[in-house]
Amino acid sequence: MSDIPFDSAAARAQVLDRIAQAARASGRDSADVTLVAVSKQQPWDPVAQVLAAGQTIFGENRVQEAQARWADHREGLELRLIGPLQTNKAKEAVALFDVIETLDRERLAKALAEEMARQGKAVRLYVQVNTGEEPQKAGIAPAEADAFIARCRETYGLEIEGLMCIPPAEEPPGPHFALLSRIAARNGLSKLSMGMSGDYETAVRFGATSVRVGSALFGARTG
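Model, not experiment: these values are computed from the prediction. (Residues numbered from 1 in each chain as written. Predicted model: local features only at pLDDT ≥ 70, side-chain atom pairs only at ≥ 80, totals over all residues. Heavy atoms only, no water.)

Novice: Just checking my understanding: could you explain the packing of helix H6 (residues 142-154) against helix H7 (residues 174-186) for this structure?
Specialist: Packed helices, taken two at a time, are described by the angle their axes make and the gap between the axes. One way to put it is that H6 packs onto H7 with a least axis distance of 10 Å and a crossing angle of 25 degrees. As summarised for this structure, H6 and H7 are arranged roughly parallel, according to the angle between their axes. Considering only the axes of H6 and H7, their crossing is right-handed. Contact with H6, carried on its side by Pro142, Ala145, Asp146 and Ile149, involves Leu179, Ile183 and Arg186 of H7 and no other residues of that element. (Axes fitted to C-alpha atoms, helices over the stretch in contact; angles between N-to-C directions. Helix = DSSP H or I, 4+ residues; strand = E, 2+ residues; numbered from the N terminus. Parallel < 35°, antiparallel > 145°, perpendicular 65-115°, else oblique. Left-handed = near helix turned anticlockwise from the far one by under 90°. Contact = heavy atoms within 4.5 Å.)

Rendered as structure tokens:
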């Protein structure tokens, strides 16, 4: 095991370069792909490194952890909630986050609509689709996605910006990314949050507009 500390700033530069290469290879502009640094459960030092390197968009899994981490560093940043959201945390989530990527049920749609109206804040919303239909994972089933998106828009007046997915770890991600892209296209959605440290280049080739990268930026967590 190396004693050399992991250089998160250098890792960020490498990830951005690989995103750019994947975009060029698929005839896309790398500027159309946003890097979301997944800072959840990370100590502050590596997060500070990527902040200093110019990273301004971060993904968090839990409302309370994000509140504690970003309370004194919120200015000029975009925070995205990429973990499951309980309806009783809707108030805090709307207050803290710019983007919520895990809208996946009607009760949550109602709670978010009410909180955004109450706070006068328009949080950008993504519907999470459980492309692998895994029982342990959050997300709307693919067959129910069209109707759910329609209810979000028509019943709750929500503007849906895009879709998000987390493919099954043991399956090739490409077909899942392709499925998400098809659902987005038929619902008039242009934003796709897909791809993590192990498959973000594949996601870019399938049209990802944002990739959520943690361990490739910060190193593998220990302990």
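Here the narrative resumes.
Novice: I keep staring at the packing of aromatic side chains and nothing clicks. Help me out?
Specialist: For any pair of aromatic rings, the description rests on two quantities: the centre-to-centre distance and the angle between the ring planes. Inspection of every chain in the model, using the stated rule, returns three aromatic pairs. Centre to centre, the rings of tryptophan 44 and tryptophan 70 are 5.6 Å apart; their planes meet at 75 degrees, and the pair counts as edge-to-face. Residue tryptophan 44 is located in helix H2 (residues 44-52), and its partner tryptophan 70 is located in helix H3 (residues 63-70); the two are separated by 26 residues in the primary sequence. Given a relative accessible area of 28%, tryptophan 44 falls into the partly exposed group. For tryptophan 70, a relative accessible area of 0% gives the class buried. Of the aromatic side chains, those joined through ring pairs into one cluster are Trp44, Phe58 and Trp70. (Phe/Tyr/Trp six-rings, centres within 6.5 Å; stacked < 30°, edge-to-face > 60°. Buried < 20%, exposed > 50% of the residue type's maximum accessible area, 1.4 Å probe, protein only.)

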